[in-house]
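Report on the structure
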Amino acid sequence: MENTSLLIIGGGPAGLTAGIYALRAEIKTAIIEPAFPGGNMLITERIDNYPGFPLGVSGAELAEQMKQQYLGFGGEIISGEVEDIAINGERKTVRMAGGKEIQAYAVIIASGSSRQSLGVEGEEEYTGKGVSSCAICDGAFFKGKRIAVIGGGNSALEEAIYLTRYAERCYLIHRRDLFRATAYLQREIKKYSQVIPVLSRTVRKIEGDGNRVKALSLENKETGATETIEVDGVFISIGQKPNTAFIDGKVEQNPAGYIITDYRMQTSVKGIFACGDVIRKSLYQVITACGEGAVAASSAEKYLSDL
Ligand code: NAP
């Protein structure tokens, strides 16, 4: 079994920042990350509101810089998925898929969030065959095509704008008659003539020919009528759910699954801290994730020095 002082679960902006701060405090630290470090920054084309980048910065670039900074301080990244945490007093044992176990005295959960699914007929069947939840990953497959983006938040509007570089037409389908996205994005979206807002509609079904998506069946919430629009692709952008399957109620979570922390990023279990998109909070941004990561690492340092 491997041992470390501090184990960070998740290598997004929260986990990488926590790692940088912990290494600066000379704590033996490892990050477990199932994919590429960077988290949801990797599916964000441009970040305009991270201080220090007046012209904005690509999500992939910021992720790479944070990873390099963490590695530069001597950080370790362990590739794999966490399946369980066993808490035995001061010792916490993290079990990974495949059976590998790592023991640590302090754990920072920074496992982030993933896209919600719609739960309609055709969504699962056509995932990878026209249905996607990542415009940056899959947008280029839709050059000259008609697509739909489902959702009315910041992500949906940003993705619709991003997809205009490929798609000939982009229906932006929202279940209410008002978008949730910021006023800035609502103004921006009007500059893109390929984006056609389709408001007060819910998706009933994603239709296809068995191989590819062909159409969306919608319910018009004002008239109750069923409408069909022909599309080649559907991008689902209806919010996030926290990545907490491995926690299984071992630390306190709210009804939606987000981890509850205090102002020190301490969870309900001593020695387990949490930060970033996996926690209950009021603002989900790269900058807040980084700030919470710094606080979590500083709290973990104090906890470890008091043991
Ligand atoms: P979000 O803000 O929660 O918005 C989700 C959208 O999907 C809402 O418009 C919601 O409709 C709709 N929706 C939810 N469930 C639905 C369903 N079952 N069927 C149809 N529509 C459904 O999620 P997000 O856009 O993914 O953003 C997540 C967080 O990251 C937010 O806090 C956001 O501000 C932040 N974020 C920030 C930026 C930025 O600062 N540039 C960029 C991206 C994300 P209702 O409006 O009717 O609830």
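Residues numbered from 1 in each chain as written. Predicted model: local features only at pLDDT ≥ 70, side-chain atom pairs only at ≥ 80, totals over all residues. Heavy atoms only, no water.

**Remarks on the overall build of the chain**
What the chain contains, in helices and strands, is six helices and 19 strands. Whereas a compact globule of 307 residues would reach a radius of gyration of roughly 19 Å, the chain reaches 21 Å, a difference of no more than 12%. Once the C-alpha set of the chain is aligned to its principal axes, its extents read approximately 65 × 40 × 30 Å. For the chain, the proportion of its 307 residues judged to be buried stands at 49%. For the chain, long-range pairs separated by at least 24 residues make up 59% of all intrachain contacts whose partners lie at least 6 apart in sequence. Looking at charge distribution, the chain has the averaged site of its 34 positive side-chain charges lying 3 Å from that of its 37 negative ones. (Helix = DSSP H or I, 4+ residues; strand = E, 2+ residues; numbered from the N terminus. Rg over C-alpha atoms; globule rule 2.2 N^0.38 Å. Buried < 20%, exposed > 50% of the residue type's maximum accessible area, 1.4 Å probe, protein only. Contact = heavy atoms within 4.5 Å. Lys, Arg positive; Asp, Glu negative; His and termini not counted. Charge placed at Lys NZ, Arg CZ, Asp CG, Glu CD.)

**Looking at the sheet that holds strand 12 (residues 169-173)**
Ordered by their spatial adjacency, five strands build an open sheet running 10-17-11-12-13, and the pairing between neighbours is parallel. Of all strands in the sheet, those with a lone pairing partner are strand 10 (131-132) and strand 13 (195-198), marking the two edges. Pairing of strand 10 with strand 17 (residues 233-236), which is carried by two bridges, proceeds in the parallel orientation. Residue pairing across strands places Ser-132 opposite Phe-235, the latter belonging to strand 17. (Pairing = 2+ DSSP bridges.)

**Observations regarding the site of the ligand**
By nearness alone, 17 residues border the ligand, and Glu-158, Arg-175, Arg-176, Arg-180 and Gln-285 come closest of all. A distance of 2.9 Å is found between an oxygen atom of the ligand and a side-chain nitrogen or oxygen belonging to Arg-175. A distance of 2.8 Å separates an oxygen atom of the ligand from a polar atom in the side chain of Gln-285. In the complex, the protein chains occlude 73% of the 910 Å² of accessible area that the ligand would expose alone. If one sorts the elements of the shell around the ligand by residue count, helix 4 (residues 154-163) sits on top with three residues. Of the residues assigned to the shell around the ligand, the class counts are three nonpolar, 10 polar and four charged. (Near = heavy atom within 4 Å. Polar contact = N/O pair within 3.5 Å; in protein donor to acceptor, adjacent residues only side chain to side chain. Areas by Shrake-Rupley, 256 points an atom, 1.4 Å probe, with all protein chains shown as cover. Nonpolar A, V, L, I, M, F, W, Y, C, P; charged D, E, K, R; others polar.)

**Section: the domain arrangement of the chain**
The domain architecture assigned to the chain consists of domain 1 (2-114 + 240-305) and domain 2 (117-236). With centres defined by C-alpha atoms, the gap from domain 1 to domain 2 works out at 32 Å. With four residues of domain 1 at the interface, the matching set in domain 2 holds five residues. Summed over the shared surface of domain 1 and domain 2, the result is one salt bridge. (Domains from an automatic or database assignment. Salt bridge = Lys/Arg side-chain N within 4 Å of Asp/Glu carboxyl O.)

**Quick notes on the environment of Tyr-192**
Assignment of secondary structure puts Tyr-192 in the loop between helix 5 (183-189) and strand 13. Sequence separation between Tyr-192 and Ser-111 is 81 residues, and the spatial gap between their C-alpha atoms is 35 Å. If we ignore the near neighbours within four places in the chain, the residues touching Tyr-192 are Ile-161 and Thr-164.

**Side note on the pairing of strand 12**
With four of its five residues buried, strand 12 lies for the most part within the structure. Of the crossover connections in this fold, the one passing from strand 11 (residues 146-150) over helix 4 to the parallel strand 12 is right-handed. The pairing of strand 12 with strand 13 spans four bridges and is parallel. Each bridged residue has a counterpart across the sheet, and for Tyr-171 the counterpart in strand 13 is Ile-196. Viewed along the sheet, the connection from strand 12 through helix 5 into strand 13 turns out right-handed. (Right-handed = clockwise from strand over helix to strand, strands pointing away.)

**Considerations on helix 4**
Owing to its 3.6 residues per turn, the α-helix brings residues three or four apart onto one side. Counting buried residues along helix 4, seven of its 10 residues qualify, which places the element largely inside the surrounding structure. Residues of helix 4 that are buried: Ala-156, Leu-157, Glu-159, Ala-160, Ile-161, Tyr-162 and Leu-163.

**Remarks on the pattern of salt bridges**
Scanning the entire structure with this criterion turns up 15 salt bridges. One salt bridge in this structure joins Arg-165 and Glu-45, with 2.6 Å as the shortest N-O distance. With a gap of 120 residues between them, Arg-165 in the loop between helix 4 and strand 12 and Glu-45 in the loop between strand 2 (29-33) and strand 3 (46-47) connect regions that are remote in the sequence. Taking relative accessible area as the criterion, Glu-45 reaches 33% and is therefore assigned partly exposed. Asp-209 is the partner of Lys-214 in a salt bridge, and the nearest nitrogen-oxygen pair spans 4.0 Å. Residue Lys-214 is classed as partly exposed on the basis of its relative accessible area, which comes to 42%.

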